[in-house]
Amino acid sequence: MRLLVGVLAIAVLLSIAAFAHGTTSGLQQDISKGTGAAPDLMIKFAGLASSIAILLVPVAFAIERLIKRDGLRIADGVLAAVLAHGVTLATDLWVAQGAPGSIQDALTRPSPGDIHALTDPVHGYLAPVIAYMTAVGMSRRPRWRVVLWVVLLLDAFAMLVTGYTTPFSIILTVLIGWTVAYGTLYAVGSPNVRPTGQTLLAGLRHVGFHPVSAAREEAHEGATENGDRGRRYFVTLEDGPPLDVTIVDREQQAQGFFYRVWRRLTLRGITTGRSLQSLRQALEQEALLAYAAIAAGANAPKLIATSELGPDAVMLVYEHTGGRSLDSVPDEEITDGLLRDTWHQVQALQSRRIAHRRLTSDAILVDRSGTVILTDLRGGEIASGDLILRMDIAQLLATLGLRVGAERAVASAVGVLGPDAIADCLPLLQPIALSRTTRSTLRKLGRERSEREREAVLEASRRAKQARLDEASLAESSPVEESTPTERATERTPSSKRVAERITPPSAKTSAKVERQAEKAERQAEKKAIDEALDEAREEDLLTQIRHQVLRIRPQAPVEPARLERVKPRTLVSFIAGAIGAYFLLSQLTHIEFGTLFDQAEWGWVAAAVLFSALSYFAAAMSLLGFVPERVPFLRTVAAQVAGSFVKIVAPAAVGGVALNTRFLQRAGVRPGLAVASVGASQLFGLGAHIMMLLTFGYLTGTEKTPSLSPSRTVIAGLLTVAVLVLVVTSIPFLRKFVVTRVRSLFAGVVPRMLDVLQRPQKLITGIGGMLLLTACFVMCLDASIRAFGDESTTLSLASVAVVFLAGNALGSAAPTPGGVGAVEATLTVGLIAVGLPKEVAAPAVLLYRLLTLWVPVLPGWLFFNHLSRRGSL
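Residues numbered from 1 in each chain as written. Predicted model: local features only at pLDDT ≥ 70, side-chain atom pairs only at ≥ 80, totals over all residues. Heavy atoms only, no water.

Visitor: Outline the overall build of the protein, listing residues and values.
Guide: Each helix and strand in the protein was counted, giving 34 helices and eight strands. Sequence separation of 24 or more characterises 77% of the internal contacts of the protein that already satisfy a separation of 6 or more. Accessible surface for the protein amounts to roughly 47,100 Å². Of this, 62% is attributable to carbon and sulfur atoms. (Helix = DSSP H or I, 4+ residues; strand = E, 2+ residues; numbered from the N terminus. Contact = heavy atoms within 4.5 Å. Areas by Shrake-Rupley, 256 points an atom, 1.4 Å probe, with all protein chains shown as cover.)

Visitor: Can you tell me about the sheet that holds strand β6 (residues 324–325), naming the residues and giving the values?
Guide: Strands sit in the order β6-β7-β8 across an open sheet of three strands; the sheet is antiparallel. Only two strands of the sheet have a single neighbouring strand rather than two, namely β6 and β8 (372–374). Its contacts with the sheet place helix α13 (residues 336–351) against β7 (364–366) and β8, and it is angled at close to 35 degrees to β8. (Pairing = 2+ DSSP bridges. Axes fitted to C-alpha atoms, helices over the stretch in contact; angles between N-to-C directions.)

Visitor: If you had to explain the pairing of strand β3 (residues 243–249) to someone new, which residues and values would you point to?
Guide: Of all seven residues in β3, seven are buried; the element is thus mostly enclosed. Burial of β3 is two-sided: the residues Leu 243, Val 245, Ile 247 and Asp 249 facing one way and the residues Asp 244, Thr 246 and Val 248 facing the other way are all buried. Both strand β2 (residues 231–237) and β3 contribute to a ladder of five bridges, which runs antiparallel. Among the inter-strand pairings, Arg 231 is bridged to a residue of β3, identified as Ile 247. Between the antiparallel neighbours β2 and β3 lie five residues, among them Gly 240 with a positive phi of about 155 degrees. When β3 meets strand β5 (residues 313–319), the two strands line up antiparallel, connected through seven bridges. Along β5, the bridge assignment pairs Thr 246 with Leu 316. (Buried < 20%, exposed > 50% of the residue type's maximum accessible area, 1.4 Å probe, protein only.)

Visitor: Please set out the pattern of salt bridges residue by residue, giving values where relevant.
Guide: By the definition in use, this model includes ten salt bridges. For Arg 231, the salt bridge goes to Asp 249, with nearest N and O atoms at 2.4 Å. One end of the pair, Arg 231, is in strand β2; the other, Asp 249, is in strand β3, with 18 residues separating them in the sequence. For the pair Arg 231 and Asp 249, a shared accessibility class is recorded, and that class is buried. Linking Arg 554 and Asp 420 is a salt bridge whose minimum nitrogen-to-oxygen distance equals 3.0 Å. With Arg 554 in the loop between α20 (542–553) and α21 (569–589) and Asp 420 in helix α16 (residues 419–424), the pair connects residues that are 134 residues apart, well separated along the chain. (Salt bridge = Lys/Arg side-chain N within 4 Å of Asp/Glu carboxyl O.)

Visitor: Could you give me a rundown of the packing of aromatic side chains, with the residues and numbers involved?
Guide: The description of an aromatic ring pair uses the distance of the two centres, along with the angle that the planes make with each other. Inspection of the entire model under this criterion finds four aromatic pairs. Here Phe 618 and Phe 634 contribute two aromatic rings whose centre-to-centre distance is 6.4 Å and whose plane-to-plane angle is 35 degrees, an arrangement assigned as tilted. Placement of the pair is Phe 618 in helix α23 (residues 603–625) and Phe 634 in helix α24 (residues 634–647), with a sequence separation of 16 residues. Of the residues examined, Phe 618 reaches a relative accessible area of 37% and is grouped as partly exposed. Owing to a relative accessible area of 33%, Phe 634 belongs among the partly exposed residues under this scheme. (Phe/Tyr/Trp six-rings, centres within 6.5 Å; stacked < 30°, edge-to-face > 60°.)

Visitor: If you had to explain a positive patch on the surface to someone new, which residues and values would you point to?
Guide: A contiguous patch of positive charge on the surface is contributed by Arg 436, Arg 443, Lys 444 and Arg 447. Structurally, Arg 447 can be placed in helix α17 (residues 436–477). With a relative accessible area of 55%, Arg 447 lands in the exposed category. (Patch = residues over 30% accessible without salt bridge, like charges linked within 9 Å, V, L, I, M, F, W, Y side chains within 5 Å. Lys, Arg positive; Asp, Glu negative; His and termini not counted. Charge placed at Lys NZ, Arg CZ, Asp CG, Glu CD.)

Visitor: Can you tell me about the environment of Val 329, naming the residues and giving the values?
Guide: Along the chain, the position of Val 329 falls in the loop between β6 and α13. Sequence-wise, Val 329 and Ser 361 are 32 residues apart; in three dimensions their C-alpha atoms are separated by 9.8 Å. When neighbours within four sequence positions are excluded, Val 329 is seen to be in contact with Arg 324, Ile 334, Val 366 and Arg 403.

Visitor: Would you mind going over helix α34 (residues 858–870) in detail, with residue names and values included?
Guide: Compared with the 18 Å implied by 1.5 Å per residue over 13 residues, the 18 Å span of α34 between its first and last C-alpha is a close match. Burial in α34 covers these residues: Val 858, Gly 861, Phe 865, Asn 866, Leu 868 and Ser 869. Along the axis of α34, the buried positions cluster into a sector of 165 degrees, meaning they face one direction only. In this structure, α34 carries Leu 859 and Arg 870 as exposed residues pointing more than 90 degrees from its buried face. Following α34 by one or two positions, Gly 872 has its phi on the positive side, about 80 degrees. (Expected span 1.5 Å × (residues − 1). Arc of directions from axis to C-beta.)

Visitor: I'd like to hear about the nonpolar core, residue by residue, with values.
Guide: With 55 residues, the main nonpolar core has Trp 343, Leu 397, Ile 422 and Ile 546 as its most contacted residues. Listing elements by their share of this core, those giving two or more residues are α12 (279–295), α13, β7, β8, α14 (386–404), α15 (406–417), α16 and α20. Top element by residues in this core is α14. It accounts for ten residues. Ignoring any residue separated from it by four or fewer positions in sequence, one finds Ile 546 in contact with Leu 397, Ala 398, Ala 406, Val 410 and Leu 429. (Core = buried A, V, L, I, M, F, W, Y, C linked by side-chain atoms within 4.5 Å.)

Structure representation (structure tokens):
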């Protein structure tokens, strides 16, 4: 991570130097003025001291490491220094010969001794020293760290004052040394900071014990969340009972660091202290919690000694407890008395405001006598607030519920803590408040439950289909009355034939109506059977079962979940997406002279373009709802289409719109499979309509074969890549089966969905009409944009504008950029020029069109997106 941060910082620094020339020169002048007022004596002292220290400090640290037999670190430092020197030489050569002038100005200046020469862009002696100091670990030693920073600051001050460097050169030198050092450590590996067995035994002897052997205890299965709790050893002594020893080193502390940081950023006041502690702080916290738990009367391991094991590890010595963790105890041995004893231990902790914070199965031990012992107190807190204490209760309810069920878990908790305490924890009984392992187990059980429900629905559907087939075969096997010869003769007479002609059409219509009603009844019966099967197979999750058990005891208990999340992942994604959209918008608008552009525009046509752009969202809602037989609110669908204008700016238009509409239909009550089928049917009809309109308008204007409308090399390369991937997938049986299975499961309902829509003419007319209206709105918006900047001599026919729009829209959907940025603008501009529009009119017209249809709706789209998300519609 530090290597990546260093590379990113170098890239940012060079970008600032390249694009912010005024800022860099102004900063350099300000620093020169400020340092120019320094006394000459201070300048000479700083230069002399830094020149001596820059050489002596690394040598002194190397001698200190060699005395302690840590030569590997010295070797790492020397290697890092050599590599840093090579990087500085390469950087100097690049800046002198190939870098832009702005970067040269930021990193160099005329040399004070020779105005025709320039100073070095990177200091060839300072970067290797920084790389060496970082690689050997001087920054982890407090005293050496102070010396290191004093030397660096003195050297930078002396170089800046005497005019031999620039501020950006100093920063780049430090970053190169720092980055090369961590790159070297990443490549060759860092020294192993784990204490050896001999170190452990020596540490025990140092605190007065006489160990014989030490055996590492294996971590409990599923204890991934508590990977930072230390390594545990079972130690036998010459004269006394065995010991449990926990060793915590820097490697153990690093485990789960990013998860803890994420929890700290996203949750409100329920995180476990600091995300990163020193070893001394970790030792003191665990010792404090151990003593506090014993003083509170809880059964916890007794801490009898602590010690450091060198600079990178600490040791905590406990009396041996033995026993098994709760997750390894058989179900028949988990009695009600054992459950009550567990709650009594938690009650003892909470009576002194001590929070455990890790009440999972592997933190609850049961010894040979059946006594419950609480371990893993290192992550706990003293003087905890009510929120944290209630979280412990909710966590233990979930932990015990996974083993013995909701009813027994709640009953044992109520018997010890009382119904009020258990009722107060209901708002915290939500996945985000539980431990990582518990959430993982609940998700696994949820997937199994969903699979059982799916199997039940499929079985009900199969039974319904088989019942219809049995009824059909039964009807076919029933005898049919044959007509008599007299009747057949009568049917052959002319008069009877005319009568039959008059009677047959009404009977045929009646028969078709009866068949439609029968089919509708069959579908309703099948749907009812599936819904009944789903209701029968639906199972409540564990947390819901616990809530119901508590509500039986306290019906007035609060059930609204407490708001624990500070930042939701959806909010973070929305923020990142908005930043990406703003970047694309600014990159498109930086080189436009808006003053001249607005002076040339005819605002009447601009208003018309705005009107057509706004009308397109109503047309998009019609084109979607036309393929959804279920009832969905129209205005809410329009709002979803406006929200889609925000989504497509951060994802390809062909992907973001499909995902958003599918999600919207699901939230509107349409089953997931049917929602996907409806959106797929809409996309399929839209593709066919798009191709037909492109061919039709192209034939009318005679521009369907215009070379200027051919796709770019990027699109051709993308299509060829897709073609090659399709050939590869179809040629490999495993991949072919995988893709076919996924596609079939995704679009299996598209054709039946289209058949359902075909049986409803009003829906079909709405869908097709919405597609045609949507295309017409975009064409009219583009035409109005052209008229806003042109005159009568530059107007185009609507057919020509339609061809250009359809071609540009097709390329925009195929382009991998968000919203087709770049591809659509280029295609529309080239296409308008190809059909006879002057470049002076085509460029601003396309810009206005894209502003109205892509960029201006981004802010309203973001507002609607958040509004619909809060209301649960997305």
